[in-house]
Amino acid sequence: MNKQIHLEGHLPVDHRLSPHWQFSNLPLIGRVLANYPVNDLWETDFARLPRALAKQRRRARTFAEQYLMPAADELDLAVHLPAGECHPTAHRILCEAGKQGWLSYFMPAPLGSMPWGTVLHAPIWQCSLIVEEFSRACGGLMLLLSAHHLGAMPLILSGRVNNMLRYLAPVYRSCERGEPHLIAFAITEPGAGSDVEEGHGAEVYRPGVVATPTEGGYLLNGRKCFISGGDLSKTATVFAALQGEGMDSWTCFYVDCSDPGYKVARTELKMGMRASGAAEIELTDVFVPSDRIIGGLRNGWALNRATLNASRIPVASMGVGFARAATETAVEFARRYKVGGKELIHYQDVQLHLATMVAETRAIRSLVWQEAKAAWQPRQLNASLCKFHATDRAQRVCEMAMDLLADHGGKHENKLEKIFRDVRLTRIFEGTNQINRLTMVEDWQAQLLDFDHSVGV
Amino acid sequence: MYMDTEDSEQLLEEVGRFARERIAGMAARPESPINTDQLTLLTREACELGILPLTTADDGFSIWEHNDVAQAMSFNTGALRHIAYASPGVAFAWHRLALARFVAVQQGLALEQKDLLGMQLVPTGHYGLGRNSLAKWLKAEALSAEDKDMLSDWLDRGVNATTIYAPKDWKSLVWPIWSDDHIAWRHVERKELEVSSGNAQHGFDELAGFAVRQTSIAGKTIKPEPDASRSTYARLLKMDMLGLLSIGAGALDRGRALARDYAGIRKQGGKLIAEHPAVQHMLSDIEITRHNVDMALAAFARPVDELDVGAVAATRASMSPALCHAANQVMQVHGGIGYMRDAGPEKLLRDQNMLKLMSGGTREIHAFLAGWTGAPA
């Protein structure tokens, strides 16, 4: 018998004053309006999803629990590997993820692995669901599997079918064969830290990477830093300014990482998400043929911003995954750890604490789903808002979980300390949350400056 | 022992110099924390300088050796703050070592230097702060059977493992146990305990985490008289919380310096980030916290017996999250570089989180205060 009748301070479900069980005895209309199933919260949300997305969500959870969760500690605690080396466990997971379609789900068959049933829904929604499940299992492995989609995004957003068939399709096919081909997204420039778009607004922009015209293409020279997955990627979408021009000349180049002159200089010693490398890339006269310019010359800035608008909602979903993992861990602790002869869950203050955590987690999930559902053309305002708010609140949930475990909260074995280290990055990358607040306002200007109309919120 | 303000300031200057010249040097690379041998070396040097006690019999000015005058309290908290500026993990280890000595002296344990340096203090029970019950006992209020059960469980060392963070080579520990409706103390050798080492913990990289259980009857138990038991424990609790606060203040000072330096050199949007209101706001958050922690520590620079344990606990409950928030802002000012282990802010944030979790954490302080102020439980 492992089911207790009721928590202290609460009525048993079959008590006369606990009416839920009596709802089923109401007349039909009463039952229709009042009776509800007492389901697990994850399952409740599952039932609210369109069937194809729900199926993907369950598949993602199964994969995450089977492959990511068991490897999370090993990869988090592993010795920092030299740039370019892949931990055997990470490699095994990448191969399996590729085979199962987790590296090719932004396009439907025959190009990719997106189930046809999900085609009817914004791809960002599917991505957000998957990212939540992966984040809950391991932040580092989630990033290892997800940064690749960020790298691939300019190929899709360029809108050129040719790019997709010529460049993306072989990548996807390779992944599905179990031969992972990762694409890195290289925008952040040296000296940056609080904003991926450092040069934006600068009076004098010094490009981190310069593209110099040469016969048949361009030579890239310079450095990019904090490139997630850049250490293991086979190709990269690299953004560079054209020689002698400013940031408005940014152009996206699809670079083969095995080309001469391309070097992974180092990988960072990160606080968390350690299963995924953050690489610094050195480019020395890397030749890129003209046909590997993605989206046309000087269209890089637009592609970059469109990519970020697409990716910031899934980043918000990382926050949901971490908050959920923290809440689930705290709930488990409270259900099992005894103080004064009874489990913590029986104490009212613990119930209040957990209730707040659950509410915070589900509130940010609602926000993410609301934005993701409508994100066919993700708006900067919505994406940035979603990112900064969800990740800020997610960290708060993780802190609350650690507070609940108190002295035990800092122990690695209790999982929360890693979840905290992982969630902390979501408030920094893809633009710090301060930057995201400003990009939200930037995109709101049309309403804010229109004095003929009041501003709706 | 008499200590005036000038003495206290001179001593603090010495500690500050030692922290800057010896500890900070070894802690210069945050990704390569001070190791056990270095910590042992620094501890011996600190003993020789009188910052840490040599034996239980000595009479000097080491940390937490005196708590009966305002200047001594200023020295205690100020010294920990200086040390924490260089390394919060080292400051925590020394804070606990000094408190272990305090307990040993109070309980009449005669220990030589080698015994003292290997001794760890566990100030609280296996989880939280004994809810309402500890506060009631401290107030000498009549305890219900439920309170007694609570405290008996809280200080039970056999059923639940107690988590400690200590130098890897610790030799013994002293911890409170519940005996005859009062807090007694037990000094146990490590070899007589069930000790399991954990994987790397969240912070305090200089130390290691252990889960400790006592499953056999061993060690020396000291049962003070009820009043002495209460007063010793109340003093210990106050000094422990003030120490944690001081270490947090030192870590904040360091983070503040890092954030200000970085904001003064890093450019964004064509100007220094210190000129952006978004960054100014975060720097101001750090200043506000610093101001508040300064005020709190100044308010508690009084003989320990004059301090209200509820006031100290309440301050800890409000300041610890604020210190963590400030550490987060230090990281946020740095952006991506702040997340990297070789930069500094991330270690300060982890250490600040650890400080919040120590000694029962801060969440149960509300229950403790309810017991202390007599509010209905």
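Being a predicted model, the structure only gives us computed values, none of them experimental.

1. Considerations on the overall build of chain B
Along its length, chain B carries twelve helices and nine strands. Against the 2.2 N^0.38 benchmark of 21 Å for 377 residues, chain B shows a C-alpha radius of gyration of 20 Å, consistent with a compact globule. For chain B, buried positions account for 56% of its 377 residues. In chain B, once contacts between residues fewer than 6 apart in sequence are set aside, the share between residues at least 24 apart is 74%.

2. Let's talk about the sheet that holds strand β5 (residues 194-197) of chain B
Residue and element names in this part refer to chain B. With antiparallel pairing, the three strands of this open sheet are ordered in space as β2-β6-β5. In this open sheet, the two strands that pair with only one neighbour each are β2 (162-166) and β5. Here the strands of the sheet are splayed against their neighbours by 30° on average, with no regard to which way each runs. Looking at chain direction, β5 and strand β6 (residues 208-213) are connected through four bridges and run antiparallel. If you follow Ser197 over to β6, its bridge partner there is Phe210.

3. Notes on the sheet that holds strand β3 (residues 172-179) of chain B
To summarise the sheet geometry, strands pair through backbone hydrogen bonds and adopt either a parallel or an antiparallel arrangement. Residues and elements named next belong to chain B. Strand order in this open sheet of four strands is β1-β3-β4-β7, and the pairing throughout is mixed. Both edges of this open sheet fall to β1 (119-121) and β7 (220-222), since each of them pairs with a single strand only. Across this sheet, the average inter-strand angle for adjacent strands is 30°, counted without regard to direction. Inspection of the sheet shows β3 paired to strand β4 (residues 182-189) by eight bridges, in the antiparallel sense. Within β4, the residue paired with Val174 across the bridge is His187. Its contacts with the sheet place helix α4 (residues 88-106) against β1, β3 and β4, and it is angled at close to 90° to β1.

4. Brief notes about helix α13 (residues 433-442) of chain A
Along an α-helix, residues three or four apart share an orientation, since each turn contains 3.6 residues. Turning to α13(A), its buried residues are A:Asn433, A:Gln434, A:Ile435, A:Asn436, A:Thr439 and A:Met440. For α13(A), the secondary structure elements touched by its buried residues are α11 (380-405) of chain A together with α9 (277-299) and α10 (309-334) of chain B.

5. As for the nonpolar core
Formed by 253 residues in total, the largest nonpolar core has its most connected members in A:Leu141, A:Leu220, A:Phe253, A:Cys398, A:Ala401 and B:Ile83. Leaving out residues up to four positions away in the same chain, B:Ile83 has contacts with B:Val15, B:Ala19, B:Ile23, B:Val90, B:Ala91, B:Trp94 and B:Gly250.

6. Considering unusual backbone geometry
Here the bond from A:Ala109 into A:Pro110 is cis, since omega is 10°, no more than 30 degrees from zero. Structurally, A:Pro110 can be placed in the loop between α5 (88-99) and α6 (123-137). Although it is not a glycine, A:Phe226 sits at a positive phi angle of roughly 55°. Relative to the elements of secondary structure, A:Phe226 occurs in strand β3 (residues 217-228). The class for A:Phe226 is buried, based on 26 C-beta atoms found within 10 Å. Here B:Ala140, not a glycine, exhibits a phi torsion of approximately 65°, which is positive. Here B:Ala140 shows up in the loop between α6 (133-138) and α7 (145-154).

7. As for the interface of chain A and chain B
In this assembly, 42 residues from chain A lie in contact with 43 residues from chain B. For the side of chain A that touches chain B, the elements supplying multiple residues, two or more each, are α10 (348-373), α11, α12 (416-426) and α13 of chain A.

8. Here we look at the packing of α6(A) against helix α7 (residues 139-157) of chain A
Residues and elements named next belong to chain A. Orientation of α6 relative to α7, taken along the N-to-C sense of each, is 150°, at an axis distance of 6 Å. With respect to α7, the axis of α6 lies roughly antiparallel. On α7, the residues touching Cys127, Val131, Phe134, Ser135 and Ala137 of α6 are Gly139, Leu141, Met142, Leu145, Ser146 and His149. Within the contact of α6 with α7, the residues separate by chemical class into seven nonpolar, four polar and no charged.

9. Side note on the domain arrangement of chain A
Residue and element names in this part refer to chain A. When the domains of chain A are assigned, the result is domain 1 (43-181), domain 2 (185-298) and domain 3 (302-446). One C-alpha centre belongs to domain 2, the other to domain 3, and the line joining them spans 30 Å. Taken together, the 13 residues of domain 2 in the interface contact twelve residues of domain 3. Grouping the amino acids of the side of domain 2 that touches domain 3 by side-chain chemistry returns nine nonpolar, three polar and one charged.

10. Observations concerning the domain arrangement of chain B
Residues and elements named next belong to chain B. Domain boundaries in chain B define domain 1 (5-118), domain 2 (133-225) and domain 3 (229-373). Taken together, the elements giving at least two residues each to the side of domain 1 that touches domain 2 come down to α2 (36-49) and α4. Ranked by residues supplied to the side of domain 1 that touches domain 2, first place goes to α4 with seven residues. Here the side of domain 1 that touches domain 2 is composed, by residue class, of ten nonpolar, six polar and no charged.

11. Focus on the environment of A:Glu268
Within the fold, A:Glu268 resides in the loop between β6 (262-267) and β7 (278-289). According to the C-beta neighbour criterion, A:Glu268 is buried, with 24 such atoms within 10 Å. As a C-alpha pair, A:Glu268 and A:Ala278 span ten residues in sequence and 5.5 Å in three-dimensional space. Not counting residues up to four positions away in its chain, the partners in contact with A:Glu268 are A:Phe226, A:Ala278 and B:Met340.

Analysis parameters
Residues numbered from 1 in each chain as written. Chains lettered and ligands numbered in written order. Predicted model: local features only at pLDDT ≥ 70, side-chain atom pairs only at ≥ 80, totals over all residues. Helix = DSSP H or I, 4+ residues; strand = E, 2+ residues; numbered from the N terminus. Rg over C-alpha atoms; globule rule 2.2 N^0.38 Å. Buried ≥ 20, exposed ≤ 12 C-beta atoms within 10 Å, placed from the backbone. Contact = placed C-beta atoms within 7 Å. Pairing = 2+ DSSP bridges. Axes fitted to C-alpha atoms, helices over the stretch in contact; angles between N-to-C directions. Core = buried A, V, L, I, M, F, W, Y, C linked by C-beta atoms within 7 Å. Parallel < 35°, antiparallel > 145°, perpendicular 65-115°, else oblique. Nonpolar A, V, L, I, M, F, W, Y, C, P; charged D, E, K, R; others polar. Domains from an automatic or database assignment.

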